[in-house]
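Structural features, examined
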Amino acid sequence: MSEEQPILTERRGEEEGILWITLNRPERLNALTFPLLKEMREILFNARFDRTVRCIVITGSGRGFCAGMDFSGAANPNPDPKPKGMGNEVRDIEGYRLNFRHETETYIALRRMEVPIVGMINGPCVGAGFDLASHCDLAVVSTSARFQVAYVKRGLYPDLGGFWSLPRVLGWRKAMEMMMTGRFMSAEEAHEAGFSNYLVSPEELENKTMELALELEAGPPIGQKVGKLLATRTANMDFDSAMQWSESVIPLVGMSEDAVEGRQAFVEKREPRFKGF
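Reading the values: the criteria
- Residues numbered from 1 in each chain as written.
- Predicted model: local features only at pLDDT ≥ 70, side-chain atom pairs only at ≥ 80, totals over all residues.
- Heavy atoms only, no water.
- Phe/Tyr/Trp six-rings, centres within 6.5 Å; stacked < 30°, edge-to-face > 60°.
- Helix = DSSP H or I, 4+ residues; strand = E, 2+ residues; numbered from the N terminus.
- Buried < 20%, exposed > 50% of the residue type's maximum accessible area, 1.4 Å probe, protein only.
- Lys NZ or Arg CZ within 6 Å of the ring centre and 35° of its normal.
- Pairing = 2+ DSSP bridges.
- Axes fitted to C-alpha atoms, helices over the stretch in contact; angles between N-to-C directions.
- Contact = heavy atoms within 4.5 Å.
- Salt bridge = Lys/Arg side-chain N within 4 Å of Asp/Glu carboxyl O.
- Arc of directions from axis to C-beta.
- Core = buried A, V, L, I, M, F, W, Y, C linked by side-chain atoms within 4.5 Å.

Take the packing of aromatic side chains next. Considering all chains together, one arrives at five aromatic pairs under this definition. Seen from their ring centres, phenylalanine 130 and phenylalanine 147 are 5.3 Å apart, and the 40° between their planes marks the pair as tilted. On the criterion of sequence distance, the pair formed by phenylalanine 130 in helix H3 (residues 128–134) and phenylalanine 147 in strand E7 (residues 146–148) is long-range, its members being 17 residues apart. There is no split in this pair, since phenylalanine 130 and phenylalanine 147 are both buried. Taking the centre distance of 5.6 Å and the plane angle of 65° together, the rings of phenylalanine 130 and phenylalanine 195 count as edge-to-face. Taken together, the residues span a long stretch of sequence, with phenylalanine 130 in helix H3 and phenylalanine 195 in the loop between helix H6 (187–192) and strand E9 (198–200) at a distance of 65 residues. In this structure phenylalanine 195 comes out as buried when scored by relative accessible area, which is 6%. Feature note: the residues Phe130, Phe147 and Phe195 constitute an aromatic cluster, connected by ring pairs. Positioned above the aromatic ring of tryptophan 20, the side-chain terminus of arginine 12 is 3.7 Å from the ring centre. Just above the ring of tryptophan 164 sits the side chain of arginine 168; from NZ or CZ to the centre is 3.8 Å.

Given below as structure tokens:
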């Protein structure tokens, strides 16, 4: 069943504004394949144009979050065969690069999402799975999870963006330790390094994640999206330049109906009801 449906989606929440995405290859600890990545890319692309999506949760089925890329058997057949006349003895460097794009485009689609993304890390989170989790904005982690930059054990590096995200999430020294040694990191150690917002027991994981997702769903979509945009786009700017960006976009937020509702709710001492316009 899982091979037929390698990724599952569900709408949850008070307004069904939570897009719940589950990697569904439990027999392989949800290791990634090209068909799965293609489907995820399409899901994310469509969600980016759907204003009813207020937040996204990504998790894995069974006992693992994601064990990285699946290189076993025919799980990932090369979708880009060598050009005619190129024998097997020739290293097809350009084919390798184009083939890798099937993976990178999915992770780029994830980073382009404007709504908050929560990683619900239920178990082993390795290689490309660790990269995937590091690209989420928030994380709720089970004590049964563990993390590894497996690439270095194979003579590689965290090529699906972990080299970019992990230093920002874990801090430079911890990220370098993980990237250079490839050792496993426990859920407790990851939480201490700042990887997760909440560290809970396996039994509490889904409830705590849902609690956080409901809070995000109830928030002001425009304010959330612009806040995330500024956080990502101004990270390497000087303060004056960053504030000029803020000055340019503040009318979009401050004059929105949600901002009016937020002020009115404050005056009336009630919870605001944000609509996203």
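Taken together, the six bridges between strand E1 (residues 7–12) and strand E2 (residues 18–23) define a ladder with antiparallel strand orientation. Its bridge partner lying in E2, arginine 12 is registered against isoleucine 18. Taking the residues that link successive antiparallel strands as the turn, the E1-E2 hairpin has five residues, and the phi of glycine 13 there is positive, at about 105°.

In spatial order, the strands read E1-E2-E3-E4-E6-E9; together these six strands make up an open sheet with mixed pairing. Edge positions in the open sheet fall to E1 and E9, since each of these has one partner strand only. Direction aside, the axes of adjacent strands within the sheet are offset by 20° on average. When strand E6 (residues 138–142) meets E9, the two strands line up parallel, connected through three bridges. Across the sheet, valine 140 pairs through a bridge with tyrosine 198, a residue of E9. Sitting on the sheet, helix H7 (residues 205–217) touches E1, E2, strand E3 (55–60), strand E4 (117–121), E6 and E9, and the angle it makes with E6 is about 165°.

Bringing the pattern of salt bridges into the picture now. Inspection of every chain in the model, using the stated rule, returns 14 salt bridges. Of the charged contacts, one joins glutamate 177 and lysine 174 as a salt bridge, the two residues approaching to 3.3 Å between their closest N and O atoms. Of this pair, glutamate 177 and lysine 174 both sit in helix H5 (residues 172–181), three residues apart, roughly one helical turn. Linked by salt bridges that have partners in common, Lys174, Glu177, Arg183 and Glu189 make up one network.

On to helix H10 (residues 257–267), then. For H10, the full list of buried residues reads Asp258, Ala259, Glu261 and Ala265. Down the axis, H10 shows its buried residues gathered within 160° of arc, on one side only. Looking at the buried side of H10, the elements it contacts are helix H8 (221–233) and helix H9 (239–254). A positive backbone phi angle near 55° is found at lysine 269, which sits one or two residues after H10.

Next up on the list: the sheet that holds E7. Paired through their backbone hydrogen bonds, the strands of a sheet run either parallel or antiparallel. Spatially, E5-E7-E8 is the arrangement adopted by the three strands of the open sheet, whose pairing is mixed. What marks the edges here is a single partner per strand, and that holds for strand E5 (124–126) and strand E8 (184–186). Sheet twist, expressed as the mean angle between neighbouring strand axes with direction ignored, is 20°. In the sheet, E5 pairs with E7 via three bridges, with the strands oriented parallel. Pairing of proline 124 across the sheet is with arginine 146, part of E7.

What follows is about the nonpolar core. Among the nonpolar cores identified, the biggest contains 48 residues, and Leu32, Ile56, Phe130 and Phe147 are the most heavily contacted of them. Of the residues forming this core, the biggest block, seven residues, is contributed by helix H1 (residues 34–48). Leaving out residues up to four positions away in the same chain, phenylalanine 130 has contacts with Cys125, Phe147, Gln148, Val149, Leu166, Leu170, Met185 and Phe195. In terms of nonpolar packing, the next biggest core, distinct from the first, is built from 14 residues, Ile18, Trp20, Val118 and Leu216 among them.

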